[in-house]
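# Reading the structure
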Amino acid sequence: MTPQVVAHRGASHDNAEHTLGAYVAALEAGADGLECDVRLTADGHLVCVHDRDLRRTAQRRGLVSTMELAQLNELDFASWKNPWADLDDEAPERDESLDGVLTLRRLLETVADYDRRVEVAIETKHPTRYGGLVERRLVEMLTDFGWDQPGAPVRVMSFSFTALQRVERIAPGIQLVQLVDRYQYWKMLRRVIGPDWIVGPGIELLREHKKMARRITAGGHDIHVWTVNTERDLQLCLDAGVKAVITDRPAYLLETLGR
């Protein structure tokens, strides 16, 4: 079986990350799953934004955690991706309704209404001023959708072991993914993570530590790898028996896999 192809922040190679437009493009390409990062606004909304500040994706100063959703709704989260589009007569006309800040609820509603099963991998970002409130609000939302039970099309990911423990205590039925970006961290985490947790190493780790994937699977854990954008890295994942590849280029990976 080929691995699940998960769109990293949507089809973010060609579209502004975390916008609804990027996720719609990923769905239309046939992605099996969508990946997003979530942060909490000052008035308690979960929004799909990677960075703690707004300089890169909204081109202004400010922290997501200190702004209310209404303020974020006034910002353009898409034009940074192609800043010269206004000068390109052949550039496609943008749908501004797909360019703004995306709430997690709207993304989940889009997935729930889609005509096939699509899974969502949700990463909680830490450290944050709101601490465990992020996981609590996330579980509340997943419960609203009935997605807090085994078999639901969602999983929660984090580099923070403590954050994943919180989710496990509140909703033990939700699938968890321990993200890992350094081999020395894995040597500690492998002794404490749950037996049914998934492990999510970066592709660089698999390149540098050839035996790591085999050791993870020998411990009974499935592997989900980020961020896989080339045929060479995809082949590495196939050889390692990886269950999911998280990619900026879902259409390209699906085509490479012959799907």
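Everything discussed here concerns the structure shown above.
All of the points below concern the structure found in this document. A quick note: this is a predicted structure, and the numbers were derived from the prediction, not measured.

## Considerations on the packing of aromatic side chains
Summed over the entire model, instances satisfying the criterion amount to three aromatic pairs. We note Arg56 situated over the ring of Trp80; from NZ or CZ to the ring centre the distance is 5.6 Å. Note that Arg249 overlies the ring of Tyr252, its terminal NZ or CZ placed 4.1 Å from the centroid.

## Some points on a positive patch on the surface
Where like charges cluster on the molecular surface, the positive patch consists of Lys187, Arg190, Arg191, Lys211, Arg214 and Arg215. Topologically, Arg190 is positioned in the loop between helix 6 (183-189) and strand 7 (198-201).

## Things to note about the environment of His18
The topology assignment puts His18 in the loop between strand 1 (4-8) and helix 1 (20-29). Separated by 20 residues in sequence, His18 and Val38 have C-alpha atoms that sit 9.8 Å apart.

## So, the packing of helix 3 (residues 104-112) against helix 4 (residues 133-144)
The N-to-C vectors of helix 3 and helix 4 enclose an angle of 30 degrees; their axes lie 11 Å apart at closest approach. The orientation of helix 3 relative to helix 4 falls into the category roughly parallel. The handedness of the crossing between helix 3 and helix 4 is right-handed. Where helix 3 abuts helix 4, its residues Leu104, Arg105 and Leu108 lie against Leu138, Met141, Leu142 and Asp144. Here the contact of helix 3 with helix 4 is built from residues that sort into five nonpolar, no polar and two charged.

## Focus: unusual backbone geometry
Here the residue pair His126 and Pro127 is connected by a cis peptide bond, since its omega of 0 degrees sits within 30 degrees of zero. You can see Pro127 is positioned in the loop between strand 4 (119-124) and helix 4. Each neighbour pair has its own omega, and for Trp226 with Thr227 the value is -20 degrees, a cis peptide bond. With respect to the helices, strands and loops of the structure, Thr227 is situated in the loop between strand 8 (224-226) and helix 9 (231-240). Of note in the backbone geometry, Arg9 takes a positive phi value of approximately 60 degrees without being a glycine. Here the phi dihedral of Gln59 falls at roughly 55 degrees; this positive angle occurs in a residue that is not glycine. Within the element layout of this structure, Gln59 appears in the loop between strand 3 (46-48) and helix 2 (69-72).

## Side note on the pairing of strand 1
Across the five residues that make up strand 1, a large majority, five, are buried. Where strand 1 meets strand 9 (residues 244-247), four bridges bridge the pair, whose relative direction is parallel. When the sheet's bridge partners are listed, Val6 is paired in strand 9 with Ile246. Pairing of strand 1 with strand 2 (residues 33-40), which is carried by three bridges, proceeds in the parallel orientation. In the strand pairing of strand 2, His8 is matched with Glu35. Regarding the hand of the β-α-β motif, the stretch spanning strand 1, helix 1 and strand 2 is right-handed.

## Here we look at the side chain of Thr247
Residue position: Thr247 is located in strand 9. Among the polar contacts listed, one links the side chain of Thr247 to the backbone oxygen of Val228, at a separation of 2.7 Å. For Thr247, the side chain forms a polar contact with the main-chain nitrogen of Arg249, separated by 2.9 Å. Each residue touching Thr247, except ones within four places of it in the same chain, is listed here: Val5, Val6, Ala7, His8, Gly10, Thr227, Val228, Asn229 and Leu253.

Reading the values: the criteria
In every chain, residue numbers begin from 1 and rise along the written sequence. In keeping with the model being predicted, local features are shown solely for residues with a pLDDT of at least 70 and side-chain atom pairs are shown and tallied solely at 80 or more, while totals for entire chains, interfaces and linings include all residues. Remark: hydrogens and water are excluded; side-chain values derive from all non-hydrogen atoms of the structure. The criterion for an aromatic pair is that two Phe, Tyr or Trp rings (for Trp, the six-membered ring) have centres within 6.5 Å, with stacked assigned to planes under 30 degrees apart, edge-to-face to planes over 60 apart and tilted to the rest. In our convention, an over-ring charge means Lys NZ or Arg CZ found within 6 Å of a ring centre and within 35 degrees of that ring's normal. Any residue with relative accessible area above 30% and no salt bridge may belong to a patch, with like charges joined within 9 Å and the nonpolar Val, Leu, Ile, Met, Phe, Trp and Tyr side chains within 5 Å. Where accessible areas are quoted, they stem from the Shrake-Rupley method and a 1.4 Å probe; at the residue level, only the protein chains shown are allowed to cover. Only one rule defines a salt bridge in this text: a Lys or Arg side-chain nitrogen within 4 Å of an Asp or Glu carboxyl oxygen. Two residue types count as positive, namely Lys and Arg, and two as negative, namely Asp and Glu; His and chain ends fall outside the count. The atom standing in for a charge is NZ when the residue is Lys, CZ when it is Arg, CG when it is Asp and CD when it is Glu. By the criteria applied, helices consist of DSSP H or I runs no shorter than four residues and strands consist of E runs no shorter than two, each listed in order from the N terminus. Axes here refer to lines fitted to C-alpha atoms; in helices the fit is confined to the stretch in contact. Angles between the N-to-C directions go from 0 to 180 degrees. Note on terminology: angles under 35 degrees are roughly parallel, angles over 145 are roughly antiparallel, angles of 65 to 115 are roughly perpendicular, and the others are oblique. Helix crossings are classified by the rotation of the near helix relative to the far one: an anticlockwise turn of less than a right angle makes the crossing left-handed, while a clockwise turn makes it right-handed. We call two residues in contact whenever any of their non-hydrogen atoms come within 4.5 Å of each other. Residues are sorted three ways: Asp, Glu, Lys and Arg are charged, Ala, Val, Leu, Ile, Met, Phe, Trp, Tyr, Cys and Pro are nonpolar, and all the rest, Gly among them, are polar. Note on classification: 1.4 Å probe, protein chains only; a residue is buried when its accessible area is under 20% of the maximum for its type, exposed when over 50%, partly exposed between these limits. At least two DSSP bridges between two strands are required for those strands to pair. By convention, orient the strands away from the viewer: a clockwise path from the first strand over the helix to the second makes the crossover right-handed. Contacts described as polar in this section are N or O atom pairs within 3.5 Å, which, within protein, must combine one atom able to donate a hydrogen with one able to accept it, while residues neighboring in sequence count only if both atoms come from side chains.

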